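Structure assessment
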Protein chains: 2
Amino acid sequence: MSSTMRDVARLAGVSVKTVSNVVNHFPHVSPTTRTKVLTAIDQLGYQMNHAARSLSLGRTGMLALAVPELRLPYFSELSDEVIAAAQDRGYTVLIEQTGGVRERELEVLASERRRMTDGLIFSPVALRAGDAPLLEVSFPMVLLGERSLHSRVPHVAMANVAGARAATEHLLATGRRRIALIGSFDAEGVGAGSLRTQGFLDALAAAGLEHDPARTGSGVEWNRATGAAAMRQVLSRGVEIDAVLALNDVLALGAMRELFEHGLSVPQDVAVVGFDDIEESRFSRPSLTTVEPGRPQIARTAVEMLVERLTAGESAAQGPGQEVVAEFRLEVRESTALPTPAR
Amino acid sequence: MSSTMRDVARLAGVSVKTVSNVVNHFPHVSPTTRTKVLTAIDQLGYQMNHAARSLSLGRTGMLALAVPELRLPYFSELSDEVIAAAQDRGYTVLIEQTGGVRERELEVLASERRRMTDGLIFSPVALRAGDAPLLEVSFPMVLLGERSLHSRVPHVAMANVAGARAATEHLLATGRRRIALIGSFDAEGVGAGSLRTQGFLDALAAAGLEHDPARTGSGVEWNRATGAAAMRQVLSRGVEIDAVLALNDVLALGAMRELFEHGLSVPQDVAVVGFDDIEESRFSRPSLTTVEPGRPQIARTAVEMLVERLTAGESAAQGPGQEVVAEFRLEVRESTALPTPAR
DNA sequence: TTGTATGCGTTATCAT
DNA sequence: ATGATAACGCATACAA
């Protein structure tokens, strides 16, 4: 069915090498032979065998991207951006889902799919501090996340602490004092959850306030359902609140939904802030104030760093563990609007 | 760096073929040699070279999934389900984005990535009726969409007409008569847009009603922003409406947002129905009545049909163009609740 | 500028 | 049950 270079060579009356030269845009080929080859290619409908090329070249032209769940808006939007950035560099992206489960995150590092890709962009969320040694892998990898977990692995971080702090300060600036914290994290974890919580507590402390644990709604999985459940948990305790800081946007959206069920209005009764700036947050009712963590920059930078390692050859095989922290921006929207003074 | 089967064979004192037998779980290997080989593999940290295996086998173990945009919730949720179904069958999924642009949809069929995958699950949205011949490709493919476009290509369809009709009938049953249609489609297209619109018009006709074109809000791209814009368009015309049928959920969510901006309440003033049943629709405010098109079944069936073609060998290479239509279900939620009688 | 020969790592065919 | 050896299709020294 499918033809090979040999077939093309035969038809064009040249050698296989010449066909290869034409296909790979080798500069030194006479125009006449080039057209001869190209017409033969066209005539046979020849397409390169990727497996053979990979075997010979020792590289596949594919990058892996490991994320918790593709259906979480943050990660689907990130994936979109990574795919686009990789495409610009001539790479194809293979997405793997870890489910946010530690075991599966570790599996990703040893997966059979590692042999199908030239490098990995890895966004772990369930790894513990003790897992750091396991990240000392032999293949090119770029981590998405903060340094805490890993030492020598290059990574692209978001300003989790500073972003959450800015978000909290914004709530404080609008006069809110009884802020609920929605979403929790593995106590042994070192992911975004603990860092954002840190930023939250920092802002409170700086304002001379303390966080009442009764205002924390737990939920390790970060989706709308757990956001709603966590909010319900806090409300059921009968503790007063005038604001909510959710550890990410979907948690915030779930929490808003729950506030609504309880007859509380946002932002009049309760102000709400999220983290991630997913597209949905611009269209929710009310629209959600959130931290834009610089996701496009993160995607682009991660791909660039990885491709650089790939093309650098043996030279910079073990760099100094480069770190880039993306710039964040607080997107103020309706969910934290000041209560109308004339009331 | 990475070791080969030869290295393993040498260390274990056996032949390459034996190592291959062990790795591929070939039944006839003596327990002693198996353990010898396995320890050698373990000791060397051997991992199979996927490119070499693909070259030899003539198959890659990868399936391609081409969707418009990964960041559209419907497609990210679909992708998740396709990946899971493929994994169960031992396949890896490569996602391609077409942007919903006809040219890029056609490119997918000739893409270099076709040579990296064993088959394609293709969800076209911008192809025209005249493009049907271009879908007569030589590689295994399963289409997501209705038959209109393609004759001999196997495909998995959703009940676009019936679903939209049921949704519209639901609106009519709750006493709504002035229904706006949000979202439009390429007039030459044969995709979900025209079919859902057909179902909408069918239901109206069956009820002896006619659709006022002034109640159609156009928007070829289906996202929140266009949903809001289309709604704005209708409202600006000053035509009365008491309900909205949006061609999908994100359009509906954008439209609801716009209704809110105009001081209209859902469902009291205007009832709203979407199509797709994305997770967000269960948590929006109000929660969105929508058509659940059987997406999980679609994902599973598409993978099964494709894998079947792949493993059937030459035998059923050209089947009769199998068609499966998934079962839909109308999810009634708050956005179409009956106005409280006591008003 | 173009052709020849060899290797990439695995599977498959045939022996034994 | 296991081993030797030839494909698989392409890239690349090296030669011409």
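For the structure given in this document, a descriptive report is provided here.

Structural notes on the packing of helix H2 (residues 16-23) of chain A against helix H3 (residues 31-44) of chain A
All names here are of chain A.
- The interhelical angle for the contact between H2 and H3, taken along N-to-C directions, is 90°, at an axis separation of 10 Å. Considering the angle they form, H2 stands roughly perpendicular to H3. Here H2 contributes Thr18, Val19, Val22 and Val23 to the contact with H3, which in turn contributes Arg34, Val37, Leu38 and Ile41.

Considerations on the relation of the copies chain A and chain B
- Take chain A, turn it by 180°, move it 0.0 Å along the axis, and it overlays chain B with an RMSD of 0.1 Å. Read as a symmetry element, the transformation amounts to a two-fold axis.
- With an isologous cut-off of 70% or more, the 96% of interface residues of chain A that recur at the interface of chain B puts this contact in the isologous class.

Side note on the packing of aromatic side chains
Residues and elements named next belong to chain A.
- On inspection of all chains with the given rule, the structure shows two aromatic pairs over all chains.
- Between tyrosine 74 and phenylalanine 75, the ring centres sit 5.2 Å apart and the planes meet at 90°, which makes this aromatic pair edge-to-face. Taken as a pair, tyrosine 74 and phenylalanine 75 share a single burial class, namely buried.

A short note on the protein's contact with DNA strand D
- For DNA strand D, the set of nearby residues contains 23 residues, the closest of which are Met5(A), Tyr46(A), Thr18(B), His28(B) and Thr33(B).
- Those atoms of DNA strand D that come within 4 Å of the protein belong to sugar or phosphate at a rate of 77%.
- Between Asn49(A) and DNA strand D, the recorded distance is 3.2 Å, taken from a backbone N or O atom to a phosphate oxygen.
- Ser56(A) places a side-chain nitrogen or oxygen 2.7 Å from a sugar or linking oxygen of DNA strand D.
- Looking at the surface near DNA strand D element by element, the count peaks at four residues for helix H4 (residues 50-57) of chain A.

Details of the sheet that holds strand S6 (residues 179-182) of chain A
Residue and element names in this part refer to chain A.
- With parallel pairing, the four strands of this open sheet are ordered in space as S7-S6-S8-S9. With partners counted over all chains shown, the strands left at the sheet margins are strand S7 (216-217) and strand S9 (271-273), one partner each.
- The sheet contact formed by strand S8 (residues 243-246) and S9 spans three bridges and is parallel. Bridge pairing in S9 places alanine 243 opposite alanine 271.

Quick notes on empty space enclosed by the protein
- Overall, the coordinates contain four cavities of 30 Å³ or more when judged by the stated rule.
- As a volume, the largest cavity reaches approximately 240 Å³.
- Forming the walls of the largest cavity are 17 residues, and the residues nearest its centre are Ser284(A), Arg285(A), Phe283(B), Ser284(B) and Arg285(B).
- Elements that contribute at least two residues to the lining of the largest cavity include exactly helix H10 (249-261) of chain A together with helix H10 (249-261) of chain B.
- A class-by-class count of the residues in the lining of the largest cavity yields seven nonpolar, two polar and eight charged.

Overview of the sheet that holds strand S10 (residues 289-292) of chain B
Residues and elements named next belong to chain B.
- If you walk across this open sheet you meet the six strands as S7-S6-S8-S9-S10-S12, and the pairing is mixed. Taken across any chain shown, the strands that pair with only one partner, and hence form the sheet edges, are strand S7 (216-217) and strand S12 (329-331).
- By the bridge criterion, three bridges tie strand S9 (residues 271-275) to S10 in an arrangement that is parallel. Bridging from a neighbouring strand, phenylalanine 275 pairs with valine 291 of S10.
- Packed on one face of the sheet, helix H8 (residues 192-206) meets strand S6 (179-182), strand S8 (243-246) and S9 and runs near 170° to S6.

Quick word on the pairing of S6(A)
Residues and elements named next belong to chain A.
- Side chains Ile179 and Leu181 of S6 all project onto a buried face; the interleaved residues Ala180 and Ile182 project onto the opposite face, where all are buried too.
- Here S6 pairs with S8 via four bridges, running parallel. Across the sheet, the residue bridging to isoleucine 182 is alanine 246, located in S8.
- Pairing between S6 and S7: two bridges, direction parallel. Its bridge partner lying in S7, isoleucine 182 is registered against glycine 217.

The rules behind each value
Residues numbered from 1 in each chain as written. Chains lettered and ligands numbered in written order. Predicted model: local features only at pLDDT ≥ 70, side-chain atom pairs only at ≥ 80, totals over all residues. Heavy atoms only, no water. Axes fitted to C-alpha atoms, helices over the stretch in contact; angles between N-to-C directions. Helix = DSSP H or I, 4+ residues; strand = E, 2+ residues; numbered from the N terminus. Parallel < 35°, antiparallel > 145°, perpendicular 65-115°, else oblique. Contact = heavy atoms within 4.5 Å. Least-squares fit on C-alpha atoms with pLDDT ≥ 70 in both. Phe/Tyr/Trp six-rings, centres within 6.5 Å; stacked < 30°, edge-to-face > 60°. Buried < 20%, exposed > 50% of the residue type's maximum accessible area, 1.4 Å probe, protein only. Near = heavy atom within 4 Å. Polar contact = N/O pair within 3.5 Å; in protein donor to acceptor, adjacent residues only side chain to side chain. Pairing = 2+ DSSP bridges. 1 Å grid on protein atoms, 1.4 Å probe; cavity = no way out; pocket = protein on both sides within 12 Å on 5 of 7 lines; lining within 4 Å. Points joined across faces, edges and corners; volume = space filled by probe spheres on them. Nonpolar A, V, L, I, M, F, W, Y, C, P; charged D, E, K, R; others polar.

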